[in-house]
Every structure is written in C-alpha cells, then in structure tokens.
Amino acid sequence: MSVTELFEHPKIDDEPDLQLTPSGRLRHLLTLRGLDRQHLTALLDRAETFLSPRGERAVRSKALEGRTVANLFFEPSTRTRASFDLAAKRLGADVLNLDVNTSSRKKGEGILDMMYTLQAMQIDVFVVRDASAGVPAYIARHVDTYVSILNAGESDVSHPTQGLLDLLTIRQHKRDFQDLVVTIVGDIAHSRVARSAVQGLTTMGTGEIRLVSPVALAPDPGEMPSARIMHRLDDGVRGADVVMALRIQRERIGNLDGIPGIDEYFANYGISHERMKLAAPDAIVMHPGPMNRGIEIESSLADSRRSVIRKQVTNGLAVRMAILSAVTDSLEADAAARKGGSPAR
Ligand code: CP
C-alpha cells in the first residue's frame, strides 16, 4: 500500500463507529475507543466462558464451524498469533496462517488486492497485524459486508485484544475498577499496548491511571487526558494496585537520543521487588510480553507470586475466542436480517 493511499483515509481513532453494525453489534474489532462499558463488560463476560481450570481440557465449541479465519501478521508475534490460531481452531474454524514472507505482497501486490484475493476464497475473519497506522481500518472499509477485520496490533496506535485481556486479568484479581490505581511504566510514547489499556481502563472508570516514563518516551501532552503523566517511578508505584511494565519499542524509535542505556533504564524505570514495596501490599505485576528481563522488569519478580504475566497469556486466548465468536454472531445476525429472517442467535 502506498503512503498516499493511507493518508487519504483517517485513522480508525477518528472513526470508531466503523466497527459496529447499525444495531450496535461488533462487526470488526479495530480499537477499544468507541466501545462503551457495556460492550467491554459483555466481551469480558464472554471470555470468562472460554476459560477452564488448569490441567483440564480446553473449552471447545462449534461456534465457528464452516467459517474460515486468516491470520495475516506483517510484524513478528508469538502470543497474539498463536492464541488467535488456537482460538479459531478451538471454535471449530478452518485457519489459514499466511506466510507473509512468501506471499505475493513481497512481489509488490497491494494489500487490498491481497485481501480481495483471500476474500474470494470465502474467508470470513481476517486477523491483521501491521507496522503502519491505519491498515486495519483501511481494510475494514473495503471488504465485503460479510467479512470481519480484527486488529492484532497496529503500529503504535492500537492493540485492542491486548487491552481486553489486560482488563480481564485486572478484573479477576481486583475489586471495582473505580477503586484502583493502575500504573503503566516504560515506553509509553511508542506503545499500542498502553494506548489500548488507557482506553479500556478509562471506559471502565478506573480510579487513577498513571503513565511513568523517561521524558523522551512520554506521550504527547493532552493525548491521554484521563491519565497522569509522571517521570519518577517511585511516585508512580506508590500505592498502586496494578503495575504494568512495557517493553522499549526499539523498532519504532528513530532516534535513541535521550533514552537511557540498559543499566540506567533498569535503575530508574525497572520494576523490581524493592520498588514493589511502595505499591499496595496485594499489588499485581503485569507485562504484555515479550519481556526483556533485567531491563524493564527484575527477572525473579516476573516469576513471583505477584506476577500475573502468564495469566495474561491464558486470558489472551479466551479473549480472542470471545471476539471471534462475537463477530461471527454479528455476521450471522446480519445475514439473517438481510434475508428477512430472524437472527441466527
Ligand atoms: N503482547 C503481544 O502482542 O505479544 P506478541 O508480540 O508476542 O504477539
């Protein structure tokens, strides 16, 4: 896709209704912005139904039987890609994991031609990760009405399924969002995880959201008005109920000036057992992964009783099952409405 093509279209954050059907059902998942508390709660509740106790068989259903899900990851991924793949299979879908390195996009095929080609093979849901802002919404504007687009990570803009799994993990461990202090630490400026987390936490009415970073990695002033921007980690962690560390997104940073080296970064912005003594006694530690142990988080803290990092991964699979089943329900309800019949579910 050319840069001009993208700039002709506003980013999804300017156009949140694109993801809902006229009756308010979830058609695409492009951003958490524009989804109200009722929507988010319904998705979290649905995700809970796909969790089973550890050691027991994974929850399976036939909700996506006869449907096809294509995973198109134009950036590296372990958690998101593997969990969308497993989520679709556990719901009974056929799954295409396109190898983007051997796809015709490498030969210069535009993304829309690629999508139209795959759509012609009756793919129902596309899961898209891309380094360019605006790609999921751009595709969503062009695909057929019976196709859903799910954003699996969009540049530094949005990572809505990560935001949902973070909300689910916090909800499982804490009381009402209204009572919570949530602190996000690290490379806020380049983090789609932080942006989606702040959107979701704000909608859920979180008591206080703190964003702690070196000055060079702070968001633009005014970008996230519901959060407090801070630069001293001790102040940010003091009394926090949830502390989330972020990876430095080196792949998105053009100029490393002003960004501390590894030792200085860990000394000033690394989450450690010592730092966590300032937090609430029952505070939890989160990280979206992949983690750089010893840089943004002390290695033994990541494996400690406070850490819910692996729980986030488990919840990620349940959230992706919930999203896949929700958009498929919407597609079927829309198809039934078009035929003049009653909704399938
Ligand atoms: N948190 C996250 O998106 O991880 P992956 O890059 O491994 O998918």
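Residues numbered from 1 in each chain as written. Predicted model: local features only at pLDDT ≥ 70, side-chain atom pairs only at ≥ 80, totals over all residues. Heavy atoms only, no water.

Trainee: For this particular structure, what's the right way to read the domain arrangement of the protein chain?
Mentor: The figure often quoted for interface size is the accessible area lost as the parts come together. Along its sequence, the protein chain is carved into domain 1 (3–155 + 313–339) and domain 2 (160–307). For domain 1 versus domain 2, the separation of C-alpha centres amounts to 26 Å. Counting residues at the interface gives 33 residues for domain 1, matched by 23 residues for domain 2. Taken as a group, Leu-32, Arg-37 and Leu-44 account for 29% of the area that domain 1 buries against domain 2, more than any other trio of residues on that side. Taken together, the links from domain 1 to domain 2 amount to three salt bridges. In this structure, Glu-48 and Arg-171 form a salt bridge, with 3.8 Å as the shortest nitrogen-oxygen distance. The interface formed by domain 1 and domain 2 contains nine residue pairs in polar contact (both at pLDDT 80 or more). Broken down by element, the side of domain 1 that touches domain 2 gets its largest block of residues, eight residues, from helix H2 (residues 37–48). (Domains from an automatic or database assignment. Contact = heavy atoms within 4.5 Å. Buried area = accessible area lost by both parts, 1.4 Å probe. Salt bridge = Lys/Arg side-chain N within 4 Å of Asp/Glu carboxyl O. Polar contact = N/O pair within 3.5 Å; in protein donor to acceptor, adjacent residues only side chain to side chain. Helix = DSSP H or I, 4+ residues; strand = E, 2+ residues; numbered from the N terminus.)

Trainee: Quick question: what am I supposed to make of the nonpolar core here?
Mentor: In summary, soluble globular proteins display a tendency toward joint burial of nonpolar side chains. The biggest cluster of nonpolar side chains holds 57 residues, and the ones touching the most others in it are Leu-150, Leu-164, Ile-184, Leu-201 and Leu-324. Counting residues per element, this core draws most heavily on helix H12 (residues 309–339), which supplies nine residues. Lining this core are residues from two domains, each supplying at least three of them: domain 1 (3–155 + 313–339) and domain 2 (160–307). Setting aside residues up to four positions removed in sequence, Ile-184 forms contacts with Ala-194, Ala-197, Val-198, Leu-201, Arg-210, Leu-211, Val-212, Met-244 and Leu-246. (Core = buried A, V, L, I, M, F, W, Y, C linked by side-chain atoms within 4.5 Å. Buried < 20%, exposed > 50% of the residue type's maximum accessible area, 1.4 Å probe, protein only.)

Trainee: Could you clarify how one ought to interpret the packing of helix H6 (residues 160–173) against helix H7 (residues 192–203) in this entry?
Mentor: To describe two helices that pack against each other, one gives the angle between their axes and the distance between the axes. Running from amino to carboxyl end, H6 crosses H7 at an angle of 55 degrees, the nearest separation of the two axes being 8 Å. One finds that H6 runs oblique with respect to H7. Here H6 runs over H7; the crossing is right-handed. Between H6 and H7, the residues in contact are Pro-160, Gln-162, Gly-163, Asp-166, Leu-167 and Ile-170 and Val-193, Ser-196, Gly-200 and Leu-201, respectively. (Axes fitted to C-alpha atoms, helices over the stretch in contact; angles between N-to-C directions. Parallel < 35°, antiparallel > 145°, perpendicular 65-115°, else oblique. Left-handed = near helix turned anticlockwise from the far one by under 90°.)

Trainee: What is the right way to read the site of the ligand from this model?
Mentor: The ligand sits among Ser-77, Thr-78, Arg-79, Thr-80, Arg-129, His-159, Gln-162, Pro-288 and Gly-289. Side-chain polar atom of Ser-77 to an oxygen atom of the ligand: 2.6 Å apart, as the coordinates give it. Within the side chain of Arg-129, one N or O atom sits 2.9 Å away from an oxygen atom of the ligand. Protein contacts shield 92% of the accessible area of the ligand, which totals 260 Å² for the unbound molecule. More than half of the atoms of the ligand fall within 2 Å of the grid points belonging to the second largest pocket. (Near = heavy atom within 4 Å. Areas by Shrake-Rupley, 256 points an atom, 1.4 Å probe, with all protein chains shown as cover. 1 Å grid on protein atoms, 1.4 Å probe; cavity = no way out; pocket = protein on both sides within 12 Å on 5 of 7 lines; lining within 4 Å. Sits in = over half its atoms within 2 Å of the grid points.)

Trainee: Got a minute to help me understand the sheet that holds strand E4 (residues 148–154) in this structure?
Mentor: Strand pairing in a sheet relies on backbone hydrogen bonds. The paired strands run either parallel or antiparallel. Spatial ordering of the open sheet is given by E2-E1-E3-E4, a layout of four strands whose pairing is parallel. Lying at the two open borders of the sheet, with one neighbouring strand each, are strand E2 (94–97) and E4. The mean inter-strand angle of the sheet, taken between neighbouring strand axes irrespective of direction, is 15 degrees. Judged from the five bridges that link them, strand E1 (residues 68–73) and strand E3 (residues 125–130) form a sheet pairing that is parallel. Considered in E3, the bridge of Leu-72 is made with Val-128. (Pairing = 2+ DSSP bridges.)

Trainee: Would you take a moment to explain unusual backbone geometry for this structure?
Mentor: Trans is the prevailing form of peptide bonds, just as negative phi is the prevailing case for residues other than glycine. The amide bond that connects Gly-289 to the next residue, Pro-290, takes the cis arrangement and shows omega of -5 degrees. Of note, Pro-290 is situated in the loop between strand E9 (284–286) and helix H11 (299–302). Here the phi dihedral of Gln-122 falls at roughly 65 degrees; this positive angle occurs in a residue that is not glycine. Relative to the elements of secondary structure, Gln-122 occurs in the loop between helix H4 (111–119) and E3. Look at Gln-122 and you get exposed, because its relative accessible area is 66%. One non-glycine residue, Ser-155, lies in positive phi territory at about 45 degrees. Looking at where Ser-155 falls in the secondary structure, it is placed in the loop between E4 and H6.

Trainee: What is the right way to read the pattern of salt bridges from this model?
Mentor: Any two side chains of opposite charge can pair if their charged atoms end up close together. Within the structure shown, the criterion is met by 17 salt bridges. Notably, a salt bridge pairs Arg-67 with Glu-332, separated by 3.0 Å at the nearest N-O pair. You can see Arg-67 sitting in the loop between H2 and E1 and its partner Glu-332 sitting in helix H12, a full 265 residues away along the chain. Across the pair, exposure class does not vary: Arg-67 and Glu-332 are buried alike. Within this structure, Asp-45, Glu-48 and Arg-171 form a network of salt bridges that share partners.

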